[in-house]
Amino acid sequence: MKVSLNWLRRYLDITVPLQELCDKMVMSGFEVDGLEDLSATMRNVVAGRIIKLEKHPDADKLQICQLDVGKEEPVQIVTGADNVFEGALVPVALHDSLLPTGTHIKKGKLRGIASNGMLCSGEELCLKEADYPGAEVYGILILKEDCPCGTDMREILGLNDIIIDFSVTANRPDCQSVLGIAREVAVALKTPLRLPEPKYAVKGSGQIGDYISVEVRDMDLCPRYYGRVVKNVRIAPSPDWMQQCIKAAGMRPINNIVDITNFVMLETGQPMHAFNLSKVAGHQIIVRRAAPGEKITTLDGKNHPLKPEMLVIADADRPSCLAGVMGGLESEITEDTTDIFFEAAKFRRDSIRRTSRTVGMRTESSARFEKGVDITTVEYAMERALQLIDELDAGDIVPGVVDLNNGLPTPRKLTVEPAKINKLLGLQIPAETMAEILNRLDLPATLENGALTCLIPSRRDDIEGRADLAEEVMRVYGYHHIVGTPIKGEIVRGSQTPQRQAESLLKSRLTAQGVSEITTYSFINPKALDLLGLPEDDPRRSAVPLLNPLSEEYSVLRTQLVTSMLTVLATNCNRKNPSARLFELSKRFEPKSLPLTEQPLELPVLSIGLYGAEEDFFTLKGLVEEVFAAFGAEPDYLRSAEPFLHPGRQAKAVIGDEALAVFGELHPKTAEKFGIGTKAYVAEIQLSRLYQTSRELVIYKPLPKFPAVERDLALLCDQELPVQTMEKAIKKACGKLLEKVELFDVYQGQQIAEGKKSVAFSLLLRSPDKTLTDQDADSAMNKVLKAMEELGASIRS
Amino acid sequence: MKAALEAMRESVRQQLDSVSDLKNLEALRVKYLGKKGELTGILKQMGKLSPEERPLIGQLANEVRSQLDAWMGETEQKVKEQLQAARLQAETVDISMPGKKKPTGGLHPLNQTLEDFIDIFQSMGFDVVDGPEVETDYYNFQALNVPQDHPARDMQDTFFLNENLLLRSQTSAAQIRVMEHRKPPIRIICPGRVFRADEVDATHSPVFHQVEGLVVDKGISICDLKGVLEQFAREIYGPETKVRFRPSFFPFTEPSVEVDVSCPECGQKGCRVCKGTGWIEILGAGMVHPNVLSGCGIDPEVYSGFAFGIGLDRLTTTRHKISDIRLLFENDLRFLKQFQK
């Protein structure tokens, strides 16, 4: 809410410095979002009267002016303008002045004659015709005869003002107005508030009923509709003070009638509308929901098809106003308007909110209705508008009022125990102090038998109970009184969820392997799923769409983390980071059905992405193994068939019949689609099942007492025979004697037949009870060889 | 003979002085003490001595032998030490050369900050809980005292999945789930990811992170809230940090406050970080609204509580002076590695 300091001063005296005012308002709940000193752009420019005009002796186009600028001595200025004349009142930039254009003016000499400043055009003062009449005329601006010589131009132009932008919280719609803010300033500064008390003469002939009949058909959306008629309207510009107020609030002055509606809205927070009575068909106002197929053209010239849930103000023929949002073009106030119907109403906020959203129009009026206007302010605002009509002599007020409502509320009585307020605040504020604060807030409070009774006016609908009153008391009493107390109760360390503990474990394992954590958005572009080449029936295609995404790029909830990882790998690769080892621990969203009927499953997933000279399929597999090892799991590794991975360099890790991980080298086509210009490796691991494994306490196993026997085994086999199969067979054949089996070489090429490979294992055999003899070892190795032969692997001689 | 032995002893002593390697030493040993060495040579002449002289010379010869042995041992020790010293000297390295290390990874800066938070609050007895990211309108709004079409819904633009399901716009949603299932005393924090339809720019992200805190018990007051937040602020910003409450509005707390801390950058002298005010806003908080408590079956006449919500992203960026929130989600390794020290 932008509030002009000058405007505020109409209702109370502000004697404290600006900073103090702002600080006090901040500490009572009104943050200052911005400060604009309108006067800062101009300095030392005054109104001056040309008392003498002479030709410059040495220049045909220059004239020497003697100006009365309100000082004893006239000031001499040389000007090149030709629209000046003796007796003209003009803006004079004196020596050492600043213009809004940023120009500094200093005294000097023009063709040998001293010139102590400059006469200004409207343009040089950055003025438009609407700011000051004649501002866009070529030449020096000729001022109206309404101020003495020497008057600061800022005063004339309404620039001697500071605009404070107060942030108003959603619970205080009553402060969407200058008076609302003034009331708060008065409390913060402990200064009396001067509320305008509307008085006016009723001069119009007849009765309101002679001019208009009003009917509210949908009172559920319009709890109060209030109207008056003004005859013989005299359309003219509004006075300067009103224009300056309206401009300070960021609006444009139009004419006296429209300006009065806007001024009253800004002052009281109650939006108003003026209808041109001659354009209201049948002299009938009907407040109703729109009928199917109806349309309206609003003041801004736009056409809107109307929906039946929208509230309109219609005449006998058609909708003439989109209630609370914008007036219709048809009934607009124009130069030749003679009679008007003034409307002040309360419309239901959710109705206005929806209409405003649907038509895509947010106006000063709709913004206020959405937050909620006070049902009693409706009448006050109308009275105020009529007072201004009378003061500006803008028309003749017709007797009679239209006031349609379902009953008006009386102030609510709220009784609370001060002790309970103190308990909530942890303070000992005397009950009398509480009552005094509430009274200052214009929430009449009395104390009786220790109970505090408060009358809550309708404008403070936000106050429902004790907690709300506690807040009102506290924000005025001052939050600096709150002194922190250490937390009470049993001293226990808080617990972690098992999932978070598992995550910590995973993270420490991965970071120890040189993998860095990344964080990416939870929503992705559905096209990324195409880039992965997933078939149409792949479950990862069932991504939950957002109803209102920011853009297609972030429009569905991700069902996998691979695409996000690939995007990050691409970023790093394109920025010439030579290598990367990354992981992300996040969630994937799996809908139980689409369209969504209930919350989707949120499943924990780990993704790993690598590239760089040191990386290959097996460095990736090593990390995958590390992850499973962290949970004591030993999956089987089987070939997989993900379309986005290298067909011969990808695998899945399977436990039971569940594939918990897929990983491998990125398919060159996928790499190209994601813009990754190097070999990259990616893994995705499902964690739900791993998180369920309970971590067991380590139990110490005695260190071996007897020496081990080491045997190497070089085998020749088909190249397709998986090493894992051989390893398993070795373990089975050796039984308990095998302490460790390690693959140490795989070779294909020279001396090895086509389609074959050489595989070498190193075995460590040990018995817990004795030193193994060569015979023991040989017998174990024979069993191994036999098992290998069954697999088609023979000893390599 | 006695003279010969004495002379030999003296000769060896002198020669040992100039021995500088083990080879020369061994040669000396062979020459004098070897089987065919000089001492043996001298002793062979013992037969020529008189019986009276023999034991005396024998004793002297033994003395000389053990003395030479000892001297040679000492010399050997000395030479070995000299040799080792020379070798160590030769092995001197340029200690300014970089150390060899295995690269380690690190946590994302957001999660580093989160770990700090969790640690601080766990030490004050807060349990860590989690809630779903896809929430129902009820948990995200209605149960938090924000009915349909309430103007407070405009305070944030929410991503909807359908009429009833949405991406939670605040971790406060988790408060309700906790209060429905636990009875007071409750002391929890709920860290998590939240979503708002904000266009991406240097200070806004549609995805960000919050840590929600909730305490419900008998006799909890706003002073207790301040105590907890003071403790938190001091651990994050240093022991001298001051905490200031400013009145504000959140639908689910009453009274509601914005919480500022004394600017850690300038010590309240006024700087760019605090925009000259000496304070920086770090979180929103308040006393749990009675409607929220009773909605969860907790009697507000018996219990009271406080709640707070900290924006993790903003706290991380201000703490590390990260100029653009987008850096957090871009994951450029040159950025990430800076936090792995």
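Residues numbered from 1 in each chain as written. Chains lettered and ligands numbered in written order. Predicted model: local features only at pLDDT ≥ 70, side-chain atom pairs only at ≥ 80, totals over all residues. Heavy atoms only, no water.

## A word on the overall build of chain A
Point 1. Within chain A, the secondary structure is distributed over 21 helices and 39 strands.
Point 2. For 797 residues, the compact-globule estimate of 2.2 N^0.38 gives 28 Å, and the C-alpha radius of gyration of chain A, at 42 Å, exceeds that figure by more than 25%.
Point 3. Put simply, of all contacts in chain A between residues at least 6 apart along the chain, 69% involve residues at least 24 apart.
Point 4. For chain A, the exposed surface amounts to about 37100 Å²; the carbon and sulfur share of it is 51%. (Helix = DSSP H or I, 4+ residues; strand = E, 2+ residues; numbered from the N terminus. Rg over C-alpha atoms; globule rule 2.2 N^0.38 Å. Contact = heavy atoms within 4.5 Å. Areas by Shrake-Rupley, 256 points an atom, 1.4 Å probe, with all protein chains shown as cover.)

## Quick word on the sheet that holds strand β37 (residues 738-747) of chain A
Residues and elements named next belong to chain A.
Point 1. Read across the sheet, 4 strands follow the order β37-β38-β36-β39 without closing on themselves; strand pairing throughout is antiparallel. A single partner strand is all that each edge strand has here, and the edge strands are β37 and β39 (794-795).
Point 2. The pairing of β37 with strand β38 (residues 756-765) spans 8 bridges and is antiparallel. Counted as the bridge partner of E742 is S762 from β38.
Point 3. Lying over the sheet, helix α20 (residues 723-734) contacts β36 (709-718), β37 and β38, oriented at roughly 35° with respect to β38. (Pairing = 2+ DSSP bridges. Axes fitted to C-alpha atoms, helices over the stretch in contact; angles between N-to-C directions.)

## With respect to the nonpolar core
Point 1. Counting residues in hydrophobic clusters, the biggest one holds 117 residues, and the most contacted among them are F523 and I676 of chain A together with F232, F245 and F308 of chain B.
Point 2. Residue contributions to this core peak at 9 residues, all from helix α8 (residues 222-237) of chain B.
Point 3. Contact partners of F523 of chain A, with chain neighbours within four places excluded, come to L546, Y554, V556, L557 and R558 of chain A together with F159, L167, F195, P206 and V207 of chain B. (Core = buried A, V, L, I, M, F, W, Y, C linked by side-chain atoms within 4.5 Å. Buried < 20%, exposed > 50% of the residue type's maximum accessible area, 1.4 Å probe, protein only.)

## Brief notes about the pairing of strand β7 (residues 253-262) of chain B
On any regular strand, side chains alternate: one points to one face of the sheet, the next to the other face.
All names here are of chain B.
Point 1. Summarising burial for β7: 10 of the 10 residues are buried, a large majority.
Point 2. Covered by surrounding structure in β7 are T253, P255, V257, V259 and V261 together with E254, S256, E258, D260 and S262, the residues of both alternating faces.
Point 3. In the sheet, strand β6 (residues 243-250) pairs with β7 via 7 bridges, with the strands oriented antiparallel. Opposite R246, over in β7, you have E258 as the bridge partner.
Point 4. With antiparallel pairing between neighbouring strands as the criterion, β6 and β7 make up a hairpin whose turn holds 2 residues.
Point 5. Bridging between β7 and strand β8 (residues 279-288) involves 8 bridges; their strand directions are antiparallel.

## Digging into the sheet that holds strand β18 (residues 311-314) of chain A
Residues and elements named next belong to chain A.
Point 1. Taking strand neighbours across the sheet as the criterion, the 5 strands line up as β12-β15-β18-β19-β20 in an open arrangement whose pairing is mixed. Single-partner strands in this sheet number two, and they are β12 (213-216) and β20 (326-327).
Point 2. One ladder, built from 4 bridges, connects strand β15 (residues 284-289) with β18; its direction is antiparallel. Across the sheet, the residue bridging to I286 is A314, located in β18.

## Focus: the confidence of the model for chain B
Residues and elements named next belong to chain B.
Point 1. Considering every residue of chain B, the mean pLDDT works out to 91; 98% of them sit at 70 or more.
Point 2. Of all helices and strands in chain B, the one with the weakest mean pLDDT is helix α3 (residues 38-44) (83), whereas helix α12 (residues 333-336) scores best (96).
Point 3. Among the scores for the predicted complex, ipTM is 0.85 and pTM is 0.84. (pLDDT = per-residue confidence, 0-100.)

## Quick look at the interface of chain A and chain B
Point 1. Taken together, the contact between chain A and chain B spans 86 residues of the former and 91 residues of the latter.
Point 2. In this structure, the connection of chain A to chain B is made through 8 salt bridges.
Point 3. For the salt bridge of R493 of chain A with D119 of chain B, the shortest nitrogen-to-oxygen distance reads 3.2 Å.
Point 4. Our enumeration of links across chain A and chain B arrives at 38 residue pairs in polar contact (both at pLDDT 80 or more).
Point 5. Each residue belonging to the side of chain A that touches chain B can be placed in one class, and the counts come to 32 nonpolar, 26 polar and 28 charged. (Salt bridge = Lys/Arg side-chain N within 4 Å of Asp/Glu carboxyl O. Polar contact = N/O pair within 3.5 Å; in protein donor to acceptor, adjacent residues only side chain to side chain. Nonpolar A, V, L, I, M, F, W, Y, C, P; charged D, E, K, R; others polar.)

## Remarks on the environment of K527 of chain A
Point 1. Positionally, K527 of chain A belongs in helix α15 (residues 527-531).
Point 2. K527 of chain A sits 345 residues away from A182 of chain A along the chain, and the two C-alpha atoms are 54 Å apart.

## Some words on the state of the cysteines
Point 1. Summed over the entire model, instances satisfying the criterion amount to 0 disulfides over all chains.
Point 2. C321 of chain A provides the cysteine sulfur closest to C222 of chain A, a residue in no disulfide bond, and the two sulfurs are 11 Å apart.
Point 3. For C222 of chain A, a relative accessible area of 0% corresponds to the buried category.
Point 4. Here C266 of chain B stays free of any disulfide, with the sulfur of C271 of chain B as its closest cysteine sulfur at 3.6 Å. (Disulfide = S-S within 2.5 Å.)

## Some remarks on the packing of aromatic side chains
Residue and element names in this part refer to chain B.
Point 1. Counted under the stated rule, the structure contains 25 aromatic pairs over all chains.
Point 2. Ring plane angle 70° and centroid distance 5.3 Å describe the contact between F121 and F126, whose orientation is recorded as edge-to-face.
Point 3. Judged by centre distance (6.4 Å) and plane angle (65°), the rings of F126 and F308 are edge-to-face. Placement of the pair is F126 in the loop between α5 (109-123) and β1 (127-128) and F308 in strand β9 (residues 304-311), with a sequence separation of 182 residues. Accessibility assignment for this pair places F126 and F308 in one class, buried. (Phe/Tyr/Trp six-rings, centres within 6.5 Å; stacked < 30°, edge-to-face > 60°.)

## Focus on the packing of helix α1 (residues 2-17) of chain B against helix α4 (residues 53-90) of chain B
All names here are of chain B.
Point 1. Two elements in contact, α1 and α4, have axes separated by 10 Å at closest approach and are oriented at 5°. Taken as axis vectors, α1 and α4 run roughly parallel relative to one another. Contacts from K2, L5, E6, M8, R9, V12, R13 and L16 of α1 reach α4 at I57, L60, A61, E63, V64, Q67, L68, W71, M72 and T75.
Point 2. In the contact of α1 with α4, the residues fall into 11 nonpolar, 2 polar and 5 charged. (Parallel < 35°, antiparallel > 145°, perpendicular 65-115°, else oblique.)

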